[in-house]
Amino acid sequence: MGLKYKRLLHCVVKSAVPLAGFFFCLLYPCVSFAQRAKPNTLTLLEVSSGYYTVAKNATVDLDSSLSITSKSFRLSRVPVIAEGIEPVYSLKNCGWMDNGNVDSVKKSLGRIKNKNDKARLSLLLGAYYAFYPGFRTKYIDSGIFFLSFSKSICDELNKPQWSSQCAILLGKCYYKRNDIAAGKKWFQWVADQKNVDPALQAKSFNYQGMYCPFLANTTGYRLECLSKALHLYQQLADTANQINTLMNTAYLSFANQKVNDALSAANASLYLQKAYHFANSQYTYDLLAYLMDLRADFSKQLTYALAAINCAELTRDSLALGNFYSKVALSYSILKNSSESKKWKEKALQEYARHGTSTELYPVLIDIAQTDPNDQSGAELIGLIKTAIKKNPPANAVDQQFAYLALGHGYELLKDYKATESYYAKAEALQKYNPMLKGGIDNINILYRLGRFYVKIKNYRKGKIYLSKIITEPYKTFANKETLMHTYFSLHIIDSVSGNYLSSLNNLNKYSSLQDSIFSENQNKEITTLNIKYETGQKVKDIQLLTAQSQLATQRAATTRRITYSAIVILLFVIFMIYNRYHFNKKSNNLLKLQKEEIDQQNHSLQLLNHKQTVLLTEKELLLREIHHRVKNNLQTTMSLLNMQSNYIDNDAALDAIRSSQHRMQAMSLIHQQLYQSDTVAYINMDIYIRELISYLKQSFNGAGNISFNLRIEELTLDAAEAVPIGLIVNEAVTNAIKYAFPDGRTGNVDVILTAMIDYTYILKVNDDGIGIPESSEQKATNTLGLNLMKGLCEQLEGEFTIDRRNGTSLIFNFKVKRSIHEEIVN
C-alpha cells in the first residue's frame, strides 16, 4: 500500500469515531442515559439487615448483617454509617468505607490543619469503626478513640450537632462492648443538651433501641426507646425511619411475648411502606406470615407468604427467597396438600442451588424435613441433607442445630430410632449456644420433636417431660396452633396409658377444638382461591413479559434501520472531511519540515550549552571536595598541635580543656571527611556520621570499655550547617556521660536516639543510667561550658533543650529541619 493511501486510511480511522459519536447524538436526541431510580437505600439496608439478624437468631450482629445485605444488594453502607453527618459530603468522599482503605484516611488526618475538617474526618472514622462488623475490641477501641478526639474538637469549636453525633456513636460503641452503663451515659448526654436537633434526638433513641445488648431485663427499655424515637420521627414526618423503627418494634415485641403488639407494629410499617412506594416489603410480609402461622390463620398466612415471594421476585431480591419458598411448602404440608408442598419445596432447593450461600440453607432444610412424610423417603432426605452439609458445612450452632433436627427426622422416617434420638439430643445440647431472639421458638421445635418421638417409641415418661413444657408459658405464647394441637393429642395418649382419664379427656377436648379452628371448610376455600389467584398472577406476568419482549424486538429492528441510514450519511460526510484534511495536511507537512530544521539547529546549540554546564559542574564538585579535604586536614593539623602542646602542660584542667577541644574538632573533621568521600558533596548521612563519632569517642576514653552504647538512628540527611551543631551536641553529651556518669569503673548503658516526628521535626536523646547529676551540684553543673555549648547549639537550630534527671540523666534536643532543604534531599 502506497504512502498516500496509508495516510488516507489513518485519517479515516482518526476522524470517523468522534464524528460518528457527534452525529449519532444529533440524530438521536431521544436516547436516554438516565439510570433507573434506586429504592431508598437507607430504608432497604436497615430493614433487610434487621430481618437478616432475626432470621439468623441473633448469631449475626446488626453490623455484620448490614455488611452482608449491602453486598447482596451491591449498595454502599455509607448512608447508614454516616446518617446525618453532612450526607452530600459523606456520600461523595466516603468510598474508603466500602473498600476498607482506612490507612490512607488516617494518614491524611494527620496532615489536616483546619480544625473543622479534622473534626469531620475524625467523626467519620469513628462512625466507620462503630459500625465495624462483629465485636472485636481492637475496632471498638479505635471507634472510641476517634469519636472522643472529634468530640473534643467539636466542643472547642462549639458545634453541638457534631458533638451529639459523636456522643450517639460513642454510646453505640460502649453497647458493643456490653458496657450498658457507659453507653447510657453518652445517650443521656445527648438528652441533656438544650435545643438539640429533634432528628438527632430521634436517632439517639433509635440507636438505644436497636443496639442495646439483648437481655431479658433490657427488652422493655429498648421498646420504650423505640417508642420515643417513633414519636419524634412522626413529628418530623420522617417516613423512612418510621418504617424501620416499626419493624424493630415488631421484632422486639414478639421477643417480649407481645404478639398482638408485634402484629400491630408490622401492619403499621407495611401501611407506611405502601404510602412511601417502598418496593421491598417482602421482609414485612414474611413476619406477618409468621405471626399468622402462630394464630393458625392459614388463609392470611398464605396471603402474606405469597406476597413476600411476589415482592422478592419483582425486586430481584435473592437474599431470603429460598426461605420464602420453603415456608409456603411447609404451609401446604400442614394442609395435607402434598403436590403443592412438593412444588414449592423444589423451588426452594432450586433457589438455593442458584444462589448458593446467599440464601438460608439450613432453615430451608428443616422446613423441607417437616413436610409431608409421604412426599419423600427418609433415605432421600438424609442424602439431601448430608450433601448440603458436605458442600456448605454449618457456620454456627444454629445451623448445626437445624442440620441435626433434619437428620433426626430423616432417620425417624427410616425407623432408625437410635440414630434419631442421638441427633435430636445433639440439637437439644446446642440450645445453650442459641440466643433465642424469636422468643424461644427454636426451643419449642426441639421440645416438640423430642416429645412426640418419645411418645412414638412409647417412652411416655420422657415424652411428657418435653410436651408439658410446650403448653406452659412462655412457650405456649409462641407455639402455633398446629403444634399445640398435636401436643394436646400426644398428652391425651400419655394420660390414657397412665390411667389419668380426666386429664386425658381434657387434652382431647383441647385437641378437637384446635383442629376445628385450623381446618375449617371456609379457610380451605380461601386457601384454594389464593392459590388460583397466585397462579393467575404468574401467568399474567408471563404474558406481560412476552409482550414486552415482542415490543423490544420491534424497537430494536427500527433502531437498527435508523442506525444503518445514519451510518451511511456519517460515512459520506467523513469521506468529504477526510478529502479536505488530506490537502490541508499536505500544506502543513511542508511547514512542519521547515520548523523541524529550525528546531534541530536549536537542539544542537542546547547540547553545546549542556556540555559546557556539565564540565563546569564537575569542576565545581572537584573544587568542593578539595575544600572539604583541606578543611579536614587543617583540623587534623590543629588537633596534632594541641596534642603536642598537651605534652608540656601539667595542669589537669588545661589538659581536659585541650582534649575537649580535640574531640570537638574531630566531630567537625568527620563531617568534612564524609563530604569529600560521599557521592554528594553537600549532605551528610547522620546515621553513618553519628556511629563514626561514637566509635571515636569510645576509643578516646579509658573508661569507655565498661559502657555499652545503644544507637537507634533514623534515616536523616542534612547539610553541613545543620550537621555540625548536631555532631557537637552528640560529642558533648556522650563525653559528659563517659566522664561523669560511671565513676570508679562502673558498668552502664548510654543510648543515642534520633527519632523523626511530624512536620520535619526530630528529637535527639542521649540517655545514660549512671549516677545522674547530684542535687548539691545541680546549679554548678548547669553553668558548665559543655551544657552552655549544647544550649547555644540547640538555639542555633531553633530547637528546645531539656534535661530529665530521673533514672540517670537524659538530655533531650528537639529541633526542626528546614523544609526546603529536607525536600531537596528526599527528592
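Residues numbered from 1 in each chain as written. Predicted model: local features only at pLDDT ≥ 70, side-chain atom pairs only at ≥ 80, totals over all residues. Heavy atoms only, no water.

Q: Quick rundown of the packing of aromatic side chains? Include the residues and the values.
A: Taken as a whole and judged by the stated rule, the model has 25 aromatic pairs. Ring centres of tyrosine 132 and tyrosine 139 lie 3.9 Å apart, and the angle between their planes is 20 degrees; on these two criteria the pair is classed as stacked. For tyrosine 139, a relative accessible area of 14% corresponds to the buried category. Judged by centre distance (5.4 Å) and plane angle (35 degrees), the ring pair of tyrosine 175 and phenylalanine 187 falls under tilted. Taken together, the residues tyrosine 175 in helix 10 (residues 160-176) and phenylalanine 187 in helix 11 (residues 180-192) connect sequence positions twelve residues apart. Across the pair, phenylalanine 187 and tyrosine 175 agree in class, each one buried. Three or more aromatic residues joined by ring pairs make a cluster, and in this case those are Trp96, Tyr128, Tyr129, Tyr132, Tyr139, Phe145 and Phe146. The ring of tryptophan 162 carries the charged tip of lysine 159 above its face, separated from the ring centre by 5.0 Å. The ring of tyrosine 221 carries lysine 184 above its face, with NZ or CZ at 4.1 Å from the centroid. (Phe/Tyr/Trp six-rings, centres within 6.5 Å; stacked < 30°, edge-to-face > 60°. Buried < 20%, exposed > 50% of the residue type's maximum accessible area, 1.4 Å probe, protein only. Helix = DSSP H or I, 4+ residues; strand = E, 2+ residues; numbered from the N terminus. Lys NZ or Arg CZ within 6 Å of the ring centre and 35° of its normal.)

Q: Tell me what's going on with empty space enclosed by the protein, and back it up with residues and numbers.
A: Scanning the entire structure with this criterion turns up one cavity of 30 Å³ or more. Lining the largest cavity are 14 residues, with Glu46, Ser49, Val80, Met210 and Tyr211 sitting closest to its centre. Every element with two or more residues in the lining of the largest cavity is listed here: helix 2 (41-55), helix 3 (62-73) and helix 12 (198-211). Tallying contributions element by element places helix 2 first for the lining of the largest cavity, with four residues. (1 Å grid on protein atoms, 1.4 Å probe; cavity = no way out; pocket = protein on both sides within 12 Å on 5 of 7 lines; lining within 4 Å. Points joined across faces, edges and corners; volume = space filled by probe spheres on them.)

Q: Explain the nonpolar core residue by residue, including any values.
A: Ranked by internal contacts, the top residues of the largest apolar core, which has 126 residues, are Trp96, Phe131, Leu169 and Phe324. Apart from residues no more than four positions distant in its own chain, tryptophan 96 is found in contact with Asn101, Val102, Val105, Leu124, Leu125 and Tyr128. Ranked by size, the runner-up nonpolar core spans 48 residues in total, among them Ile671, Ile707, Leu754 and Leu787. (Core = buried A, V, L, I, M, F, W, Y, C linked by side-chain atoms within 4.5 Å. Contact = heavy atoms within 4.5 Å.)

Q: So what's going on with the state of the cysteines? Which residues, and what values?
A: Under the definition given, this model contains zero disulfides. Cysteine 212 takes part in no disulfide bond, and the closest cysteine sulfur to it belongs to cysteine 225, at a distance of 7.5 Å. (Disulfide = S-S within 2.5 Å.)

Q: Before we move on, could you go through a nonpolar patch on the surface and cite the residues and values that matter?
A: A contiguous nonpolar patch, built from Tyr565, Ile568, Leu571, Leu572 and Ile575 and spanning about 550 Å² of accessible area, is present on the exposed surface. Checked against the element boundaries, tyrosine 565 lands in helix 29 (residues 521-646). Given the relative accessible area of 56%, tyrosine 565 is considered exposed. (Patch = residues over 30% accessible without salt bridge, like charges linked within 9 Å, V, L, I, M, F, W, Y side chains within 5 Å. Areas by Shrake-Rupley, 256 points an atom, 1.4 Å probe, with all protein chains shown as cover. Salt bridge = Lys/Arg side-chain N within 4 Å of Asp/Glu carboxyl O.)

Q: Quick one: what's the story with the pattern of salt bridges, residue by residue and with numbers?
A: Under the counting rule described, the total for this entry stands at 14 salt bridges. Across the salt bridge formed by glutamate 156 and lysine 115, the nearest N and O atoms sit 2.5 Å from each other. Of this pair, glutamate 156 sits in helix 9 (residues 137-157) while lysine 115 sits in helix 8 (residues 115-130), placing them 41 residues apart in sequence. Exposure remark for lysine 115: the relative accessible area of 40% places this residue in the partly exposed category. Where lysine 464 meets aspartate 495, a salt bridge forms, and the shortest distance between an N and an O atom there is 3.3 Å. Here lysine 464 is found in helix 25 (residues 460-470), whereas its partner aspartate 495 is found in helix 27 (residues 481-498), with 31 residues between them in sequence. Its relative accessible area of 2% is what places aspartate 495 among the buried residues. Through salt bridges with shared partners, a single ionic network connects Asp63, Lys172 and Lys176.

Q: An account of helix 15 (residues 259-275) is requested, with residue identities and associated values reported.
A: Helix length check: helix 15, at 17 residues, gives a terminal C-alpha distance of 25 Å against a target of 24 Å (1.5 Å per residue), a fit within 8%. Residues of helix 15 that are buried include every one of Val259, Ala262, Leu263, Ala265, Ala266, Ser269, Leu270, Leu272 and Gln273, and no others. The inward-facing, buried residues of helix 15 contact helix 14 (239-255), helix 16 (282-294) and helix 26 (475-478). Looking one or two residues past helix 15, histidine 277 carries a phi angle of roughly 60 degrees, positive in sign. (Expected span 1.5 Å × (residues − 1).)

Q: Hey, could you go over the packing of helix 22 (residues 397-413) against helix 23 (residues 417-429) for me, with residue numbers and the actual values?
A: Running from N to C, helix 22 and helix 23 cross one another at 165 degrees; their axes reach a closest spacing of 8 Å. When the interaxial angle is binned, helix 22 and helix 23 end up roughly antiparallel. When the axes of helix 22 and helix 23 are compared, the crossing they make is left-handed. Counted together, Gln401, Tyr404, Leu405, Leu407, Gly408, His409, Tyr411 and Glu412 of helix 22 and Tyr417, Ala419, Thr420, Tyr423, Tyr424, Lys426 and Ala427 of helix 23 form the full contact between these two elements. Counted by class, the contact of helix 22 with helix 23 contains nine nonpolar, four polar and two charged residues. (Axes fitted to C-alpha atoms, helices over the stretch in contact; angles between N-to-C directions. Parallel < 35°, antiparallel > 145°, perpendicular 65-115°, else oblique. Left-handed = near helix turned anticlockwise from the far one by under 90°. Nonpolar A, V, L, I, M, F, W, Y, C, P; charged D, E, K, R; others polar.)

Q: Got a sec to walk through helix 27? Specific residues and values, please.
A: Between its first and last C-alpha, helix 27 extends 25 Å over 18 residues, near the 26 Å set by a 1.5 Å rise per residue. Those residues of helix 27 lying buried are Glu482, Thr483, Leu484, Met485, His486, Thr487, Tyr488, Ser490, Leu491, His492, Ile494 and Asp495. Once helix 27 ends, the next one or two residues include glycine 499, with phi positive near 85 degrees.

Q: Which residues make up the side chain of serine 810, and what values go with them?
A: Positionally, serine 810 belongs in strand 7 (residues 809-816). For serine 810, a relative accessible area of 10% puts it in the buried group. Side chain to side chain, serine 810 and asparagine 767 meet in a polar contact 2.4 Å long. Among all residues touching serine 810, those that are not within four sequence positions of it are Val766, Asn767, Thr802, Ile803 and Asp804. (Polar contact = N/O pair within 3.5 Å; in protein donor to acceptor, adjacent residues only side chain to side chain.)

Q: Could you give an account of the pairing of strand 6 (residues 800-804), naming the residues involved and the relevant values?
A: Taken together, the five bridges between strand 6 and strand 7 define a ladder with antiparallel strand orientation. Each residue of the ladder has a partner; that of phenylalanine 801, found in strand 7, is phenylalanine 813. Between the antiparallel neighbours strand 6 and strand 7 lie four residues, among them asparagine 807 with a positive phi of about 55 degrees. (Pairing = 2+ DSSP bridges.)

Q: Give me the lowdown on the confidence of the model for the protein chain, citing residues and values where you can.
A: Of the residues in the protein chain, 80% reach a pLDDT of 70 or more, and the chain-wide mean stands at 79. For the stretch residues 1-39, pLDDT sits under 50, and the model shows 28 contacts to residues farther than four places along the chain or on other chains. Low pLDDT, under 50, characterises residues 436-442; the stretch is placed with 24 contacts to residues that sit more than four places away or in other chains. (pLDDT = per-residue confidence, 0-100.)

Q: Quick one: what's the story with the sheet that holds strand 4 (residues 748-756), residue by residue and with numbers?
A: Taken in spatial order, the five strands of this open sheet run 2-4-5-7-6, and their pairing is mixed. Among the strands making up the open sheet, the edge pair consists of strand 2 (707-713) and strand 6. Averaged over neighbouring strand pairs, the angle between their axes works out to 10 degrees when direction is ignored. Taken together, the eight bridges between strand 5 (residues 761-768) and strand 7 define a ladder with antiparallel strand orientation. Across the sheet, the residue bridging to threonine 761 is lysine 816, located in strand 7. Running at roughly 170 degrees to strand 2, helix 31 (residues 686-700) makes contact with strand 2 and strand 4 of the sheet. Of the strands in this sheet, strand 6 and strand 7 touch helix 34 (residues 785-796), which is tilted by about 140 degrees from strand 6.

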